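The lines below spell out each chain.
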Amino acid sequence: MGMDYPYGYRGQLDYGSTYPSYYNRSVYRGYSGSTVARVQERLARSGYYRGPIDGVMGPRTRYAIRVYERRHGLPADGIIDRRLLATMGIA
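Residues numbered from 1 in each chain as written. Predicted model: local features only at pLDDT ≥ 70, side-chain atom pairs only at ≥ 80, totals over all residues. Heavy atoms only, no water.

Some details on the environment of V39
Argument step 1. Among the secondary structure elements, V39 is positioned in helix α2 (residues 33-45).
Argument step 2. Discounting residues that sit within four places of it in the chain, V39 has contacts with I65, I80, L84, L85, M88 and I90. (Helix = DSSP H or I, 4+ residues; strand = E, 2+ residues; numbered from the N terminus. Contact = heavy atoms within 4.5 Å.)

Considerations on the nonpolar core
Argument step 1. Counting 16 residues, the largest nonpolar core has V39, L43, I65, I80, L84 and M88 as the members making the most contacts within it.
Argument step 2. For this core, the secondary-structure elements that each account for two or more residues are α2, α3 (59-71) and α4 (82-88).
Argument step 3. When residues in this core are grouped by element, the largest group, 4 residues, is from α3. (Core = buried A, V, L, I, M, F, W, Y, C linked by side-chain atoms within 4.5 Å. Buried < 20%, exposed > 50% of the residue type's maximum accessible area, 1.4 Å probe, protein only.)

Considering α2
Argument step 1. Taking 1.5 Å per residue as the helical rise, α2 with its 13 residues ought to reach 18 Å, and the 18 Å between its terminal C-alpha atoms agrees with that figure.
Argument step 2. T35, V36, A37, V39, Q40 and L43 are the residues of α2 that are buried.
Argument step 3. Among the residues trailing α2, G47 stands out with phi positive, at a value near 90 degrees. (Expected span 1.5 Å × (residues − 1).)

Here we look at the packing of aromatic side chains
Geometrically, a pair of aromatic rings is defined through the distance of the ring centres and the angle of the planes.
Argument step 1. Counting across every chain of the model gives 1 aromatic pair.
Argument step 2. Their ring planes at 80 degrees and their centres at 5.2 Å tell us that Y48 and Y68 sit as a pair that is edge-to-face. Of this pair, Y48 sits in the loop between α2 and α3 while Y68 sits in helix α3, and the two are 20 residues apart along the sequence.
Argument step 3. What makes Y68 buried here is its relative accessible area of 6%. (Phe/Tyr/Trp six-rings, centres within 6.5 Å; stacked < 30°, edge-to-face > 60°.)

Here you go:
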């Protein structure tokens, strides 16, 4: 005997099937939360970032990265990459 579902729903829910790939592709680009925290720390020490050092790539962090990149002659894309890390002395 099957369960009765309202509105005839009998399928499986697919929570977040696109969210993780989007999140990884557009936010971290393969870098861990500890790398993000190190970038946040450097940005904060340099006066570009005033948010929490939490390893989360939120809008404040992306904005601070873009400002930092512009002022250091890098493409201002707000993404952590090797060039940004090298300029910050992290890589």
